[in-house]
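Single-letter residue listing:
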Amino acid sequence: MSHLFTPITLGDVTLSNRIVVAPMCQYSADNGLATSWHMMHLGHLAMSGAGMLTIEATAVSPEGRITEGDLGLWSDAHRDALKPVVDAIRHYSNLPLSIQLGHAGRKASCNVPWKGGSSIAPDQTGGWQTWAPSALPFAESDPVPTALTDDDIKTLKADFVAAAQRAASLGIDVIELHAAHGYLLHEFLSPLSNHREDGYGGTLENRLRLVLEVFEAVKEAIPAQMALGVRVSAEDWVEGGWDTDQTIALAKALEARGCHFIHVSSGGLSEHQQITAGPNYQVPMASRIKSSVDMPVIAVGLITEPEQAEAIIGTGQADMVGLARAMLFNPRWPWHAAAALKAQVRVPPQYERSEPHALKGLFSQ
């Protein structure tokens, strides 16, 4: 039996297999509002046969967007714009639906990638003032962010709570808090970007504080049946930065507070990062974290082949695998993985006739 195609439970939410469609920014929202692109993009990924589909990084406030095209959930209008997308997925697919909530911090106010992705100054068209734990820009040429005050932090936590409650009202099953890739929560974790001298800076305990407070506030505000996890960058890939040892401390603190899973990525905080990328290059970080906690761990990063994913799960390096670019390239990746591993995958009845004659029994409902 394939390990990749066995069920797993996140809190009260059961996934039929260990394949997660990771969140992928589409930069196609209209002032944060979901558009027909989201209906098409998420709709076809909902038919992929994966165990769970995660909606892209969704900003909890306007200034928390990476770009003007980012999806948002900071008002009821944003909830209402996303509702038809969620309803359509629910009508045709029974896979659990997750959403990643985040704030871009000092990496906000940027052009979309296909226009270069560069930062936009607050006084330029399409730009706004960015925020961070300390007044330190991501790149030396970037505009300087404003350091958050205590009142700003209170507002930030309230924004996360309000967005999470809107996600719950949509019937979304799982929330993933974005504390990775150099965005605001990660900026508080890393000593490279957090030079604060108050209760949110300095010691590891202080640098963990905001992530833990946001987690606790969101967990208290959402229904008990919703699963709640966190995306992390396990390494900054810069000497003296955030690393796997500190990530393990965070993972243990989150687990003690009832976290249902941790999603392990890396990098994104510093322009000076030195990443040696290759197949499975982030899996050892996920494996170390998994050996330190009991909650499920998602590994991600250049996982492209079924046998590769099967080995990660089968050898106990992680509990699930997240696919992003590989899923865009092949939206039916789980179908082909099931065929290669002699497993079964769920498909909608409209697609049952596509089952190849040589693979009878591949599809299930």
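Shown above is the structure to which this text applies.
As the structure is a prediction and not an experimental result, all values here were calculated from the model. (Residues numbered from 1 in each chain as written. Predicted model: local features only at pLDDT ≥ 70, side-chain atom pairs only at ≥ 80, totals over all residues. Heavy atoms only, no water.)

Caption draft 1: Structural view of helix H3 (residues 150–169). In this model H3 runs 29 Å from its N-terminal to its C-terminal C-alpha over 20 residues, within 8% of the 28 Å that 1.5 Å per residue would give. Buried within H3 we find Ile153, Leu156, Lys157, Phe160, Val161, Ala163, Ala164, Arg166 and Ala167. Of the surrounding secondary structure, the elements contacted by the buried residues of H3 are helix H2 (76–92), strand S6 (97–102), strand S9 (174–179), helix H4 (184–189) and helix H5 (204–221). Count one or two residues on from H3 and you reach Gly171, which has phi positive near 85 degrees. (Helix = DSSP H or I, 4+ residues; strand = E, 2+ residues; numbered from the N terminus. Expected span 1.5 Å × (residues − 1). Buried < 20%, exposed > 50% of the residue type's maximum accessible area, 1.4 Å probe, protein only. Contact = heavy atoms within 4.5 Å.)

Caption draft 2: Local environment of the packing of helix H6 (residues 244–256) against helix H7 (residues 283–290). Running from N to C, H6 and H7 point in directions that differ by 40 degrees, and their axes come no closer than 10 Å. The orientation of H6 relative to H7 falls into the category oblique. Read as a crossing pair, H6 and H7 show a hand that is right-handed. In this structure, H6 uses Thr244, Asp245, Thr247, Ile248 and Ala251 to contact H7, whose residues at the interface are Met285, Arg288 and Ile289. Here the residues of the contact of H6 with H7 are counted per class, giving four nonpolar, two polar and two charged. (Axes fitted to C-alpha atoms, helices over the stretch in contact; angles between N-to-C directions. Parallel < 35°, antiparallel > 145°, perpendicular 65-115°, else oblique. Left-handed = near helix turned anticlockwise from the far one by under 90°. Nonpolar A, V, L, I, M, F, W, Y, C, P; charged D, E, K, R; others polar.)

Caption draft 3: Here's a closer look at the pattern of salt bridges. As enumerated under the stated definition, the model contains ten salt bridges in all. The shortest N-O distance in the salt bridge between Asp198 and Arg196 comes to 2.8 Å. Overall, the relative accessible area of 27% leaves Asp198 in the partly exposed class. Notably, a salt bridge pairs Asp245 with Arg288, separated by 2.6 Å at the nearest N-O pair. One end of the pair, Asp245, is in helix H6; the other, Arg288, is in helix H7, with 43 residues separating them in the sequence. Members of the salt-bridge network, linked through shared partners, are Asp76, Arg79, Asp80 and Arg166. (Salt bridge = Lys/Arg side-chain N within 4 Å of Asp/Glu carboxyl O.)

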